[in-house]
Amino acid sequence: MDFGGRDKATYVKETFNSIAGHYDLMNSLMSLGMDKHWRRLAVKRVGAKPGMHILDVCCGTGQLSLELGKVVGSEGNVTGLDFSQNMLEVAKYSLIQSSNPGNIRFIQGNAMELPFPDQSFDGATVGWGLRNLPDLRQGIREMIRTVKPGGKVVSLDMAKPSFPVFKQAYWVYFEKLVPLMGKLWAKKASAYQYLHDSAREFPAQDELVRIFTECGLIDSHFDNLAGGVVAIVTGTKPVEQ
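Summary of the structure given here. (Residues numbered from 1 in each chain as written. Predicted model: local features only at pLDDT ≥ 70, side-chain atom pairs only at ≥ 80, totals over all residues. Heavy atoms only, no water.)

Taken across its 10 residues, helix 4 (residues 63-72) has eight buried, putting it largely inside the fold. Buried residues of helix 4: Gln-63, Leu-64, Ser-65, Leu-66, Glu-67, Leu-68, Gly-69 and Val-72, and no others. Where helix 4 terminates, the next one or two residues include Gly-73, which has phi positive at roughly 70 degrees. (Buried < 20%, exposed > 50% of the residue type's maximum accessible area, 1.4 Å probe, protein only. Helix = DSSP H or I, 4+ residues; strand = E, 2+ residues; numbered from the N terminus.)

Next comes the structure, spelled out in C-alpha cells:
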C-alpha cells in the first residue's frame, strides 16, 4: 500500500484526523446501519458486566466505548485510547451528548506501547483498528499484556466473505462505491480508498484466529456477521498456573 512517502502510523493518523467529523455517518452508510448491532455483539463477546474495567483500543470516535459504558455502568469504567486527536474530540463530544451512565475516559496514546500496567483491565476490545497498526502482532500482545488472566481480547473488523457471488459483489461495492461515498460526503475519497485497501490486506477471520493463538490467547474463535463481511474474533488470556 502506498503511503505517499510517509510511514504507516503517520499516514493513518493524518487520514483519520482528516475524516473524523464524517466518520460515524460514513460508517452507518457503509454498513447500511448495521454497525451499532455489531458493536453490541462485540460488547457481549468481551464479557462486559457491571463494575468491570474495559479497555477500548483504537477507539476512534468512541462508539464502541459508549456501548461498553452502558453495560459496565457507574460502578465500572471504560478507557478509550486512540492516537488521532480529531477522532478523540468527536468521541468526547459524543460522550457529553449521550448521558451515558458509564465512567468513560478518552486518552491519546499509542496502541504499540499501551500506557497501562500489566493486568489493568478485565477485557479489551478493538473495533476496526488492528488493520491500521504498523505491527499487528505487537498490538495484540499489548492488549493481552494489559488484560487480567481469564479476560478476553476482542476484535471487530472487516473480514473476507466466502460465498462466491456475494464475495464478488461485496468487493465491487467496497472498491467502487465506498470511495465515491467518501468523496461525496466526506470530501476525502483517498481516505476511503485506504479503508478498502486496508480491508483487502487485513488477514481473513480464520487467519486472525491463528494469529490470536500465536500471540498467546486460548479458545480463539470467530463469529461471522453479514455473511462474513465483518467478523468478531475473540480470544481468552490464559489463567496463570
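Here the focus is the nonpolar core. Grouped together as the largest cluster of nonpolar side chains are 27 residues, with contacts concentrated most on Val-57, Leu-130, Ile-140, Leu-208 and Phe-212. At the level of elements, strand 1 (53-57), strand 4 (121-127), helix 6 (136-146), strand 5 (147-158) and helix 9 (205-214) are the ones that each hand at least two residues to this core. Setting aside residues no more than four positions away along its own chain, Leu-208 makes contact with Leu-130, Leu-136, Ile-140, Ser-155, Phe-202, Pro-203 and Val-233. Counting 26 residues, the second-largest nonpolar core is a separate cluster that includes Val-78, Ile-104, Phe-106 and Val-230. (Core = buried A, V, L, I, M, F, W, Y, C linked by side-chain atoms within 4.5 Å. Contact = heavy atoms within 4.5 Å.)

Quick look at the sheet that holds strand 1 now. Read across the sheet, seven strands follow the order 3-2-1-4-5-7-6 without closing on themselves; strand pairing throughout is mixed. Pairing within the sheet leaves two strands with one partner each, and these edge strands are strand 3 (103-108) and strand 6 (218-225). Each strand of the sheet is rotated relative to its neighbour by a mean of 15 degrees, with strand direction disregarded. Its contacts with the sheet put helix 5 (residues 85-98) on strand 2 (77-82) and strand 3, and the angle it makes with strand 3 is roughly 165 degrees. Relative to strand 6, helix 9 is tilted by about 160 degrees, and along the sheet it contacts strand 5, strand 6 and strand 7 (230-236). (Pairing = 2+ DSSP bridges. Axes fitted to C-alpha atoms, helices over the stretch in contact; angles between N-to-C directions.)

Just geometry here; none of it tells us what the structure is for.
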